[in-house]
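Here is what each chain is made of, one letter per residue.
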Amino acid sequence: MVIEPVTRIEGNAKIEIKDDKVFFRVLEFRGFEKFLEGRSFEYIPAITARICGICPVAHAVASARAIENAFDIEVSERVEDLRRILLLAQTIQSHALHFFFLTLPDYFKAKNFFEIPRNLVSLGIELRKVANSLVEKIAVRAVHPELVVGGVARDLRNPEKSIADLKNVLSSLLEKFNDIVEILKPNECKVINETGYLALTKDGLCDYYGNKLKAFASDTFEFEPNRYREFIEEYVESYTYTKFPRLKGEVFRAGALARLNLTELDTDLAKGYSKHFKTIRHETELYNYARLVEIVYCLEKSIEILENLRGGEIRCHVKPKGGRGVGVVEAPRGTLIHDYEFNERGLIMKVNIITPTTMNNPAIDIDLNTIYKSLRDPTRLEKIVRMYDPCLSCSTH
């Protein structure tokens, strides 16, 4: 049996059931890692932003961080703040797209978002509008943003309008928050598989622009991003173009569920909503609740940063040199790793990119097999895939 295409996800995939086993097959191949070779460093953030139209900011920022790490460049505090705002805003728009337009129809037994309450659709549209507007103010465009090595494309002047817009849409979300949570409670696809987790952190807090990787694989530990190869290995299978990473030999997951399991949210409202994650939670359907909590967090955190923007130049001098650099950020779907090697002229010689959907790929396969063997109902399988909000363009970069 073949389910093709898998609907309401980003990218092209099919689910194949063969010999009583379920396979999640990703059908596209991109090749970014190869055709980046030989390119000069200043073009890399713009090119990698084209990997994905949903999370281009994450790729651009991770790319810039990898280059800066290789060239020993330290950006100003203001650049750090502006990049955090970009990552938070992108997460708002991505989570809103997935939650209100791709996932909620499952809970209303609807074919698409046209069949769900209009007030929820309007809220999703408003969240995306405000978030995309904020990205455009710093990175020129919400899709295919501009970002420079050593800084940002432009400074954010007079942030008062953005603060007001964020507060207004946060208020609208809070008015409906409890009702939305009630919608999420009935779930016919409950699946629990114990896995590891990975997320970026700073001082134990959730930080999409953090400086340490925090992991759970039998036990909890932290390590520097440059050391990721010591803990993460990638494998391939013949039936799909997406790889199968392992964390210390174990299946692991990234994304909203991982961030809430491993790090602390330090904003008032989101901290309260995340109280269910005091211990490691493995229920896959909690991804959707975690994304809802993260929308609140990203709104609150963006307001906090905008009200306390630090000073500094928005660009610095960049002098290329040979070496290796690793850049890591939290994309909406989870931890994103860019790893580059340069020659002395600043030309890129080798590229390795590990995306969140790639990290989640082994767990998706396991969950699909668990739910199929339990319920023997193929119609439930697409819902499991959507819970992960996979970005298949990213995973087959």
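Residues numbered from 1 in each chain as written. Predicted model: local features only at pLDDT ≥ 70, side-chain atom pairs only at ≥ 80, totals over all residues. Heavy atoms only, no water.

Examining unusual backbone geometry
Note the threshold: Numbering goes from the N terminus for both helices and strands, where a helix is a DSSP run of H or I of at least four residues and a strand is a run of E of at least two. The classification of residues rests on relative accessible area computed with a 1.4 Å probe and restricted to protein chains. Under 20% of the type maximum is buried, over 50% is exposed, and intermediate values are partly exposed.
Here the bond from Glu4 into Pro5 is cis, since omega is 0°, no more than 30 degrees from zero. Tracing the backbone shows Pro5 in the loop between strand E1 (2–3) and strand E2 (13–18). Although it is not a glycine, Asp72 adopts a positive phi angle of roughly 55°. The residue Asp72 is located in the loop between helix H3 (56–70) and helix H4 (77–107) in this model. For Asp72, a relative accessible area of 57% puts it in the exposed group.

What about the pairing of strand E11 (residues 323–331)?
Note the threshold: Criterion used throughout: strands pair if DSSP finds at least two bridges between them.
Taken across its nine residues, E11 has seven buried, putting it largely inside the fold. Hairpin connection, E11 to strand E12 (residues 334–342): the antiparallel pair is bridged by two residues.

Observations concerning the environment of Leu198
For clarity, the threshold we go by: In this analysis, two residues are considered to be in contact whenever any of their non-hydrogen atoms come within 4.5 Å of each other.
Mapping Leu198 onto the fold places it in strand E4 (residues 196–202). Using a relative accessible area of 0% as the deciding quantity, one classes Leu198 as buried. In this structure Leu198 touches Leu213, Lys214, Ala215, Phe223, Ile232, Phe252, Arg253, Ala254, Ala258, Leu262, Thr335 and Met359, once residues within four positions along its chain are discounted.

Quick word on the sheet that holds strand E3 (residues 21–26)
Condition: Fitted lines through C-alpha atoms serve as axes, helices being fitted only where they are in contact, and the angles separating the N-to-C directions of these axes extend from 0 to 180 degrees.
Across the sheet, three strands lie side by side as E1-E2-E3; this open sheet has antiparallel pairing. In the strand order of this sheet, the two ends are held by E1 and E3, each with one partner. Pairing geometry for E1 and E2, over two bridges, is antiparallel. Among the inter-strand pairings, Val2 is bridged to a residue of E2, identified as Glu16. Its contacts with the sheet put helix H10 (residues 356–375) on E2 and E3, and the angle it makes with E3 is roughly 145°.

Looking at the pattern of salt bridges
Side-chain pairs of opposite charge can arise whenever the charged atoms involved come near each other. Quick note on the threshold: The salt bridge definition used is simple: a Lys or Arg side-chain nitrogen within 4 Å of an Asp or Glu carboxyl oxygen.
Tallied over the full model, the rule gives 34 salt bridges. Its salt-bridge partner being Arg83, residue Glu68 comes within 2.8 Å of it at the nearest N-O pair. Of this pair, Glu68 sits in helix H3 while Arg83 sits in helix H4, and the two are 15 residues apart along the sequence. You can call Arg83 buried: its relative accessible area is 0%.

Examining helix H5 (residues 118–139)
Our working definition: Under the convention used throughout, the expected extent of a helix is 1.5 Å for every residue step, that is, one less than its residue count.
In this model, H5 (22 residues) spans 31 Å end to end at C-alpha, consistent with the 32 Å of a helix rising 1.5 Å per residue. Taken as a whole, H5 has its buried residues at Leu120, Val121, Leu123, Gly124, Leu127, Val130, Ala131, Asn132, Leu134, Val135, Ile138 and Ala139. Where H5 is buried, its residues touch H3, H4, helix H6 (160–184) and helix H9 (286–307). Phi for Val140, located one or two positions after H5, is positive at around 75°.

Re the side chain of Asp81
Going by this rule: Pairs of N or O atoms are called polar contacts if they sit within 3.5 Å, as long as, within protein, a hydrogen donor faces a hydrogen acceptor (for residues adjacent in sequence, only side-chain-to-side-chain pairs).
Turning to its location among the elements, Asp81 is positioned in helix H4. There is a polar contact of 3.0 Å between the side chain of Asp81 and the side chain of Arg310. Setting aside residues no more than four positions away along its own chain, Asp81 makes contact with Ile305, Asn308, Leu309 and Arg310.

Thoughts on the sheet that holds E11
Strand order in the open sheet formed by three strands is E11-E12-E13, and the pairing between neighbours is antiparallel. Only two strands of the sheet have a single neighbouring strand rather than two, namely E11 and strand E13 (348–354). Averaged over neighbouring strand pairs, the angle between their axes works out to 15° when direction is ignored. Looking at chain direction, E11 and E12 are connected through nine bridges and run antiparallel. Looking at E12, one finds that Val326 is bridged to Asp339.

Nothing here speaks to function; it is all geometry.
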